[in-house]
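Tertiary structure, described
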There are 4 protein chains.
Amino acid sequence: MVKKPLIVLNFKTYTEGMGDNAVRMAKYCEEVSDESGIEIIAVPQIPDIALVAGSVKIPVYAQHIDGVGAGGYTGHITADCVRSAGAQGCLVNHSERRLLLADVDSAIQSAKKAGLTVITCTNNISVTSAAAALSPEYVAIEPPALIGSGIPVSKADPDIVTGSVEAVKKVNPNVKVLCGAGISSGDDVAAALELGTYGVLLASGVIKAKDQKAALIDLIGKV
Amino acid sequence: MVKKPLIVLNFKTYTEGMGDNAVRMAKYCEEVSDESGIEIIAVPQIPDIALVAGSVKIPVYAQHIDGVGAGGYTGHITADCVRSAGAQGCLVNHSERRLLLADVDSAIQSAKKAGLTVITCTNNISVTSAAAALSPEYVAIEPPALIGSGIPVSKADPDIVTGSVEAVKKVNPNVKVLCGAGISSGDDVAAALELGTYGVLLASGVIKAKDQKAALIDLIGKV
Amino acid sequence: MVKKPLIVLNFKTYTEGMGDNAVRMAKYCEEVSDESGIEIIAVPQIPDIALVAGSVKIPVYAQHIDGVGAGGYTGHITADCVRSAGAQGCLVNHSERRLLLADVDSAIQSAKKAGLTVITCTNNISVTSAAAALSPEYVAIEPPALIGSGIPVSKADPDIVTGSVEAVKKVNPNVKVLCGAGISSGDDVAAALELGTYGVLLASGVIKAKDQKAALIDLIGKV
Amino acid sequence: MVKKPLIVLNFKTYTEGMGDNAVRMAKYCEEVSDESGIEIIAVPQIPDIALVAGSVKIPVYAQHIDGVGAGGYTGHITADCVRSAGAQGCLVNHSERRLLLADVDSAIQSAKKAGLTVITCTNNISVTSAAAALSPEYVAIEPPALIGSGIPVSKADPDIVTGSVEAVKKVNPNVKVLCGAGISSGDDVAAALELGTYGVLLASGVIKAKDQKAALIDLIGKV
């Protein structure tokens, strides 16, 4: 029996994953998910959430939420509003959108109240421990230097992954660990699972691929 | 002949202006605009842009954009994506979502490339001058202490409004001045026009009103 | 036998604790510490560290450090430089100077390398847990609403203090808990110790007192 | 007759310009300034201001100030405190320490009240215009990509320098323009003056030089 990974695909602000392209990309995710039985989550730009969530049945997540709620706030992304637009979860504290410690906490609390699943991104083992203490459903360990590098964290720095898995077990065993940064192939996904994670968070390896659907299929081919 | 003001209605993150409420609020704007011939711009939360822009014909603006474009950015709000979701313009540097000086500039440049109209918010006369030097279509002067206060800037601090109008004329006469903070009645709007502005930016005075449509009608009743 | 508390006095940017006033204030701390045997730490503004550390023998801490080291950084406060100026420790993530989660971590790591003791400030129990996971010597729990209020956290919200003490024990029992916000009297200090803390972090209650030395003496009178 | 440039030397957080090294570096600046009659300003780390200002007679500037004054602020760098520690001026909004637009303004206003001269750093021509509207004594145009590159802005992008000089003339002719990024030789300084600037802002070209004093002498050798 093989464990089935969770695949979280961050569309970032790439043109290849925006507007109509976001819908097409999400449909590829849906097709591959349906065919394989592997859960794939689409994470489009925030203004695209409604469009994408209206087009596919797989879960759609927001790339970011702020920790504020309803009130006198302008330009903030609230948990309630992304939920209302169709999101089922969100990333929090991605290395390209880091938050103040107190705001990571308030964003996670807001997400929980709104019924959103949270993936908190972290950059090293100690930050993973801290994030786990805040009780999101997932932490995703992504060493910033490897993001977009094509060098998978699972090869370049397996200790940061196993160290994160152990640290989370100690602080809060309910939190599941994903890993990201440099993931682009089925081998990378298989290696991530070997290291004790539940799945991967990735972006350019699929979004910028010449054949996005083929890249997705390759990604899950080894599991 | 009476000058017709521009009314920009910021929905902030108020529940009364989110999701279905955002659509209803925008429709009130549309009805009042159609009946009066006064331009009213709806500024809902970013995840609601697509929904609102698909429901009304009046212009819809984003509450914020970041100064980054397509690429390896996560959680950022790009000009291209809000444009693609239906926005025709955006606020930049609202006092509740202030930006680094360099990012105010890059946000305005990104907006221009994407064909978005920009309203840059400022907090005093010297910042208004600086903002005008960056050539947005509008600056909106809003002393932070008066925002949400119910005390209109046009009464509490008319000099900051006329000072802003003069400062802008000197630095960049193509930029139009709006004023905000504490605006909630038709008198406030009339006073704002008297002081040399093109219109007003407001939020709670209408969004939190018991009868939102009546508040809108009152707002434009004196012009 | 009575447990002796640690008293950490944050001078903030108050005029009454700047320049020559900072030296006088630190000397009061030294006198009261010498007379009572209670450790008092002076935390002046960063440009005053050298002056204050050159004038007293009690420990001097920095109000903030950034998480960066030597290199191409401008305007950042490095652990090495405050150490070289005479500081023996630092606050990190004060509610008036919050840091990104990843920067709280890197600031703590930098401080350790430089031999500085770290007090990480937190705003609630879950953030206290997260901070403890990053292994500073101390966490100081300070509900922001009570800072400068004159209402001691030990009375207004004792559960946040005991909850923080318990949370830290679970995550990292080596970390000691201080409490702050609204502390100004000996009763407040005694109450803080009762709740399981090692001492208090305070500011205006002493710095803004008419008679600073009398306020200090009163502070330690009950322990 | 040759125009004499202003030389502003940013020590950044380099070890070669910290603590005792900062004093030695500042003394080199003083010697070269005395011998040549050219004004050289030393910009050490903030905790080193008192030490350096106590050791030399040339002007010492802070690398950064915040826009807040006396009060309930922790870890902020106030104009009054750096002034009290011996600084005569400050950088504001360096590309490595960018500020919110409103804070660039309040920092400049605070500096003026405290009697500090301000050099506001900018990254392109439009931001230079905006900065000039805020009336600092100097703006220093530094394209971020060239900082620390060894490729002088005066060669790589002379148009950004002349464009900045022209933009400032239009908006506020009292503001003087410096240029920075990649400056390391006397030729670079001469070229900067040719382009209409009053001098240069530099760092690694001198601070990281094997022979810091020789690098300084070379720097002013062509003017």
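In this text the structure is predicted, and so the values were computed from the model without any measurement. Position labels on residues start from 1 in each chain and follow its written sequence. Key to labels: chains lettered from A, ligands numbered from 1, both in the order written. For a predicted model such as this one, the threshold for reporting local features is a pLDDT of at least 70, and the threshold for listing and counting side-chain atom pairs is 80 or more; totals across whole chains, interfaces and linings nevertheless cover every residue.

Counting from the N terminus, the helices are the DSSP runs of H or I reaching at least four residues and the strands are the DSSP runs of E reaching at least two. Counting its secondary structure elements, chain A contains 10 helices and eight strands. Counting only C-alpha atoms and orienting by the principal axes, one finds that chain A spans roughly 50 × 40 × 30 Å. Residues with at least 20 other C-beta atoms within 10 Å of their own are called buried, those with 12 or fewer are called exposed, and the rest are partly exposed. The C-beta atoms themselves are positioned from the backbone. Taking all 223 residues of chain A together, the buried fraction comes to 63%. Whether two residues are in contact depends on their C-beta atoms, placed from the backbone: they are in contact if these lie within 7 Å. Residue pairs at least 24 apart in sequence account for 65% of intrachain contacts in chain A once pairs closer than 6 positions are excluded.

A word on the sheet that holds strand E2 (residues 40–43) of chain D. Taking strand neighbours across the sheet as the criterion, the eight strands line up as E2-E1-E8-E7-E6-E5-E4-E3 (chain D) in an open arrangement whose pairing is parallel. The sheet is open, and its two edges are formed by E2 and strand E3 (61–62) of chain D, each paired on a single side. For two strands to be treated as a pair, DSSP must find at least two bridges joining them.

Residue and element names in this part refer to chain A. The interhelical angle for the contact between helix H1 (residues 20–36) and helix H10 (residues 212–220), taken along N-to-C directions, is 35°, at an axis separation of 10 Å. Read as a crossing pair, H1 and H10 show a hand that is right-handed. Contacts between H1 and H10 pair Met25, Tyr28, Cys29, Val32 and Ser36 from the former with Gln212, Lys213, Leu216, Ile217 and Ile220 from the latter. Polar here means any residue outside two lists: the nonpolar Ala, Val, Leu, Ile, Met, Phe, Trp, Tyr, Cys and Pro, and the charged Asp, Glu, Lys and Arg; Gly therefore counts as polar. Grouping the constituent residues of the contact of H1 with H10 by class yields seven nonpolar, two polar and one charged. To obtain each axis, a line is fitted to C-alpha atoms, and for helices this fit is confined to the stretch in contact; angles are then taken between N-to-C directions over 0 to 180 degrees. Less than a right angle of anticlockwise turn of the near helix away from the far helix marks a crossing as left-handed, whereas a clockwise turn marks it as right-handed.

It is worth spelling out the interface of chain B and chain A at this point. At the junction of the two partners, chain B supplies 37 residues and chain A supplies 37 residues. For the side of chain B that touches chain A, the elements supplying multiple residues, two or more each, are helix H2 (49–53) and helix H3 (79–84) of chain B. Among the elements that make up the side of chain B that touches chain A, the one with the highest residue count is H3(B) (four residues).

Residue and element names in this part refer to chain A. With five of its six residues buried, strand E5 (residues 117–122) lies for the most part within the structure. Taken together, the four bridges between strand E4 (residues 89–92) and E5 define a ladder with parallel strand orientation. Bridge pairing in E5 places leucine 91 opposite isoleucine 119. When the strands point away from the viewer and the path from the first strand over the helix to the second turns clockwise, the crossover is right-handed. After leaving E4, the chain enters helix H4 (residues 101–114) and then returns to the sheet as E5, a path that is right-handed.

Bringing the environment of Tyr14(D) into the picture now. Summarising the element assignment, Tyr14(D) is placed in the loop between strand E1 (6–10) and helix H1 (20–36). Tyr14(D) gets classed as buried once you count the C-beta atoms within 10 Å, which come to 20. Note: C-alpha distance between Tyr14(D) and Val52(D) (38 residues apart in sequence) is 15 Å. Once residues lying within four places of it in the same chain are set aside, the contact partners of Tyr14(D) are Ala70(C), Gly71(C), Ile207(D) and Lys208(D).

Residues reaching a pLDDT of at least 70 in both copies supply the C-alpha atoms on which the copies are superposed by least squares. Mapping chain C onto chain D calls for a rotation angle of 180° and an axial translation of 0.0 Å; the resulting RMSD is 0.0 Å. The superposition operator between the copies reduces to a two-fold rotation axis. The position closest to the rotation axis in chain C is occupied by the C-alpha of Pro47(C), lying 2.4 Å away. When the interface residues of chain C are mapped onto chain D, 100% of them are again interface residues, pointing to one common binding face.

Between chain C and chain D, the residue contacts involve 37 residues of the former and 37 residues of the latter. Taken together, the elements giving at least two residues each to the side of chain C that touches chain D come down to helix H2 (49–53) and helix H3 (79–84) of chain C. Top contributing element to the side of chain C that touches chain D by residue count: H3(C), with four residues. The residue inventory of the side of chain C that touches chain D, partitioned by class, reads 15 nonpolar, 17 polar and five charged.

What follows covers helix H1 (residues 20–36) of chain B. All names here are of chain B. Each helix should span, by expectation, one fewer than its residue count multiplied by 1.5 Å. A rise of 1.5 Å per residue sets the reference length of H1, with its 17 residues, at 24 Å; its end C-alpha atoms lie 24 Å apart and thus fit the reference within 8%. All of the buried residues in H1 are Ala22, Met25, Ala26, Tyr28, Cys29, Val32 and Ser33. Angularly, the buried residues of H1 cover 150° about the axis, an arc narrow enough to put them on a single face. Opposite its buried face, H1 presents the exposed residues Asp20, Asp34 and Glu35, each directed more than 90 degrees away. Looking at the residues trailing H1, positive phi occurs at glycine 37, about 75°. The directions from the helix axis to the C-beta atoms are what the arc is built from.

Turning our attention to the relation of the copies chain B and chain A. Once chain B is rotated about the relating axis by 180° and shifted along it by 0.0 Å, it coincides with chain A to within an RMSD of 0.0 Å. A shared binding surface is used by both copies, with 100% of the interface residues of chain B retained as interface residues in chain A.

Moving on to the sheet that holds strand E8 (residues 199–202) of chain C. Residues and elements named next belong to chain C. Strand order in the open sheet formed by eight strands is E2-E1-E8-E7-E6-E5-E4-E3, and the pairing between neighbours is parallel. Either end of the sheet is taken by a strand with one partner, and the two such strands are strand E2 (40–43) and strand E3 (61–62). Looking at chain direction, strand E6 (residues 138–141) and strand E7 (residues 176–180) are connected through four bridges and run parallel. Within E7, the residue paired with valine 139 across the bridge is valine 177.

Before going further, it helps to examine the packing of helix H5 (residues 125–133) of chain A against helix H4 (residues 101–114) of chain C. Running from amino to carboxyl end, H5(A) crosses H4(C) at an angle of 130°, the nearest separation of the two axes being 10 Å. By the angle between their axes, H5(A) is oblique relative to H4(C). The element H5(A) and its partner H4(C) pack so that their crossing is right-handed. Mapping the contact onto sequence places Ser126(A), Val127(A) and Ala130(A) in H5(A) and Leu101(C), Ala102(C) and Asp105(C) in H4(C). A per-class count over the contact of H5(A) with H4(C) returns four nonpolar, one polar and one charged. An angle below 35 degrees is treated as roughly parallel, one above 145 as roughly antiparallel, one from 65 to 115 as roughly perpendicular, and anything else as oblique.

This paragraph deals with the confidence of the model for chain A. Every residue gets a pLDDT, meaning the predictor's confidence in that residue, from 0 to 100. Chain-level pLDDT for chain A is 94 on average; 99% of the residues reach the 70-or-more range. Scoring the predicted complex yields pTM 0.95 and, for the interface, ipTM 0.94.

This next bit is on the environment of Ile46(B). With respect to the helices, strands and loops of the structure, Ile46(B) is situated in the loop between strand E2 (40–43) and H2. Each C-alpha atom of the pair Ile46(B) and Val206(B) lies 19 Å from the other, and the pair is 160 residues apart in sequence. With residues up to four places along the chain from it excluded, the contact list for Ile46(B) reads Ile46(A), Pro47(A), Ile77(A), Ala62(B), Gln63(B), Ile77(B) and Val82(B).

Right, let's talk about the arrangement of the chains for a bit. As for chain C relative to chain B, no contact occurs, and the smallest C-alpha gap between them is 16 Å. Looking at chain A next to chain D, you find no contact at all, with the nearest C-alpha pair sitting 16 Å apart.

A word on unusual backbone geometry. Residues other than glycine predominantly adopt negative phi, and peptide bonds predominantly adopt the trans conformation. All names here are of chain B. Even without a glycine there, the phi angle at alanine 181 is positive, about 85°. Secondary-structure assignment places alanine 181 in the loop between strand E7 (176–180) and helix H8 (186–194). Judged by local crowding, alanine 181 falls into the buried class, with 30 C-beta atoms found within 10 Å.

What follows covers the environment of Val92(C). All names here are of chain C. One can find valine 92 in strand E4 (residues 89–92). Residue classification places valine 92 among the buried positions, given that 36 C-beta atoms sit within 10 Å. When neighbours within four sequence positions are excluded, valine 92 is seen to be in contact with Ile65, Leu99, Val104, Ala107, Ile108, Val118, Thr120 and Pro136.

Next up on the list: the pairing of strand E4 (residues 89–92) of chain B. Residues and elements named next belong to chain B. With burial as the criterion, each face of E4 is covered, one bearing Gly89 and Leu91 and the other bearing Cys90 and Val92. The pairing of strand E3 (residues 61–62) with E4 spans two bridges and is parallel. Within E4, the position partnered with alanine 62 by the bridge is cysteine 90. With H3 bridging E3 and the parallel E4, this β-α-β connection has right-handed handedness.

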